[in-house]
Amino acid sequence: MGLKDVLTRIPVGFLTVLKTVTRRPVTIQYPEQQKPMSARFRGRHHLKRYEDGLERCIGCALCAAACPADAIYVEAGENTNEERYSPGERYARVYEINMLRCIFCGYCEDACPTNAIVLEPIEFPTGYTRESMIYTKEMLLESPPINVPATPQRTPPGKYDRAILPFPPIDESQ
Ligand code: SF4
Ligand code: SF4
């Protein structure tokens, strides 16, 4: 490299530095700062409830069957009127999603007959260990509405004999 090359490249180098120092930084202080997400962004899953506090999930495992990543594990339990979690016969006794396997395709949401599982656009899962990325039912299930009891609930016989509720539930006593 001759002296002429050096003399022309030094100003070019300085110009490049000057252009860069005036640019806004591309890094952000996550999680305190977050970039706006697309309206179609799918974040982590939530298990929803009905307005009376019962869980929408009936433990049918259709979401697990639809999942292309084999990320969902469901074990069903039997509801009773003394200890009711969801309408109908069964509820999800165990419900887990392995967020490390999940590809956030939303097929589980599409497959669910009760609209129980929803990928919310507000959060995405993070963790420091592999174990912490297995989201349990307790982590996924949303809280009941204010002044509404959580599950299990004691319910009148025959009120919840269907697994999928027309909501608000039909009051057959009237
Ligand atoms: S979003 Fe897709 S990959 Fe993730 S749990 Fe649902 S079906 Fe499986
Ligand atoms: S989330 Fe929906 S599809 Fe999955 S087990 Fe519950 S009710 Fe069935």
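Engineer: Hey, could you run me through the overall build of the chain in this one?
Structural biologist: When its secondary structure is counted, the chain shows four helices and five strands. In summary, the chain has a C-alpha radius of gyration of 25 Å against a globular reference of 16 Å for 174 residues, an excess of more than 25%. Taking all 174 residues of the chain together, 32% fall into the buried category. Within the chain, contacts between residues separated by at least 24 positions form 75% of all contacts whose residues are at least 6 apart in sequence. By element, 55% of the accessible surface of the chain is carried by carbon and sulfur atoms, the whole surface being about 12,000 Å². For the chain, the distance from the average site of its 21 positive side-chain charges to the average site of its 22 negative ones is 13 Å.

Engineer: It is not clear to me how the site of ligand 2 should be interpreted in this structure. Could you clarify?
Structural biologist: Lining the immediate surroundings of ligand 2 are 13 residues, of which Cys 57, Cys 60, Ala 61, Cys 63 and Cys 112 lie closest. Among the residues making up the shell around ligand 2, the classes are represented as eleven nonpolar, two polar and no charged.

Engineer: Please explain the sheet that holds strand β2 (residues 72-78) as it appears in this structure.
Structural biologist: Sheet strands line up and pair through hydrogen bonds in the backbone, either parallel or antiparallel. Here three strands make up an open sheet; going across it, the order is β2-β3-β5 and the pairing antiparallel. Strand pairing shows two members of the sheet lacking a second neighbour, β2 and β5 (134-135), which therefore form its edges. For strand β3 (residues 90-98) and β5, the ladder comprises two bridges, and the chain directions are antiparallel. For Ile 97, the partnering residue across the bridge sits in β5 and is Tyr 135.

Engineer: Where do I start with unusual backbone geometry in this structure?
Structural biologist: Comment: phi is negative for the bulk of residues other than glycine, and the bulk of peptide bonds are trans. The residue after Thr 151, namely Pro 152, is reached through a cis peptide bond having omega 5 degrees. The residue Pro 152 is located in the segment after α4 (137-140) in this model. Phi is positive for Asp 70, which is not a glycine, with a value near 55 degrees. Here Asp 70 shows up in the loop between α2 (62-66) and β2. Look at Asn 115: it is not a glycine, yet its phi comes out positive at around 55 degrees.

Engineer: Got a minute to help me understand the environment of Phe 104 in this structure?
Structural biologist: Here Phe 104 is to be found in the loop between β3 and α3 (107-111). With 29 residues separating them along the chain, Phe 104 and Met 133 place their C-alpha atoms 14 Å apart. Setting aside residues no more than four positions away along its own chain, Phe 104 makes contact with Arg 42, Gly 43, Arg 44, His 45, Met 99, Leu 119 and Pro 125.

Engineer: In this structure, what is going on with the environment of Ile 117? I would like to understand it.
Structural biologist: In this structure, Ile 117 sits in strand β4 (residues 117-119). For the pair Ile 117 and Cys 63, spaced 54 residues apart in the sequence, the C-alpha separation amounts to 8.3 Å. Beyond its immediate sequence surroundings of up to four residues, Ile 117 is in contact with His 45, His 46, Leu 47, Tyr 95, Ile 97, Cys 108, Glu 109 and Cys 112.

Engineer: Even after reading the chapter, I still don't get helix α1 (residues 3-21), so can you show me in this structure?
Structural biologist: Note that an α-helix has 3.6 residues per turn; residues three or four places apart therefore point the same way. Relative to the 27 Å expected for 19 residues at 1.5 Å per residue, α1 spans 28 Å between its end C-alpha atoms, a close match to the ideal helical length. Within α1, only zero of the 19 residues are buried, which leaves the element largely exposed.

Calculation rules
Residues numbered from 1 in each chain as written. Chains lettered and ligands numbered in written order. Predicted model: local features only at pLDDT ≥ 70, side-chain atom pairs only at ≥ 80, totals over all residues. Heavy atoms only, no water. Helix = DSSP H or I, 4+ residues; strand = E, 2+ residues; numbered from the N terminus. Rg over C-alpha atoms; globule rule 2.2 N^0.38 Å. Buried < 20%, exposed > 50% of the residue type's maximum accessible area, 1.4 Å probe, protein only. Contact = heavy atoms within 4.5 Å. Areas by Shrake-Rupley, 256 points an atom, 1.4 Å probe, with all protein chains shown as cover. Lys, Arg positive; Asp, Glu negative; His and termini not counted. Charge placed at Lys NZ, Arg CZ, Asp CG, Glu CD. Near = heavy atom within 4 Å. Nonpolar A, V, L, I, M, F, W, Y, C, P; charged D, E, K, R; others polar. Pairing = 2+ DSSP bridges. Expected span 1.5 Å × (residues − 1).

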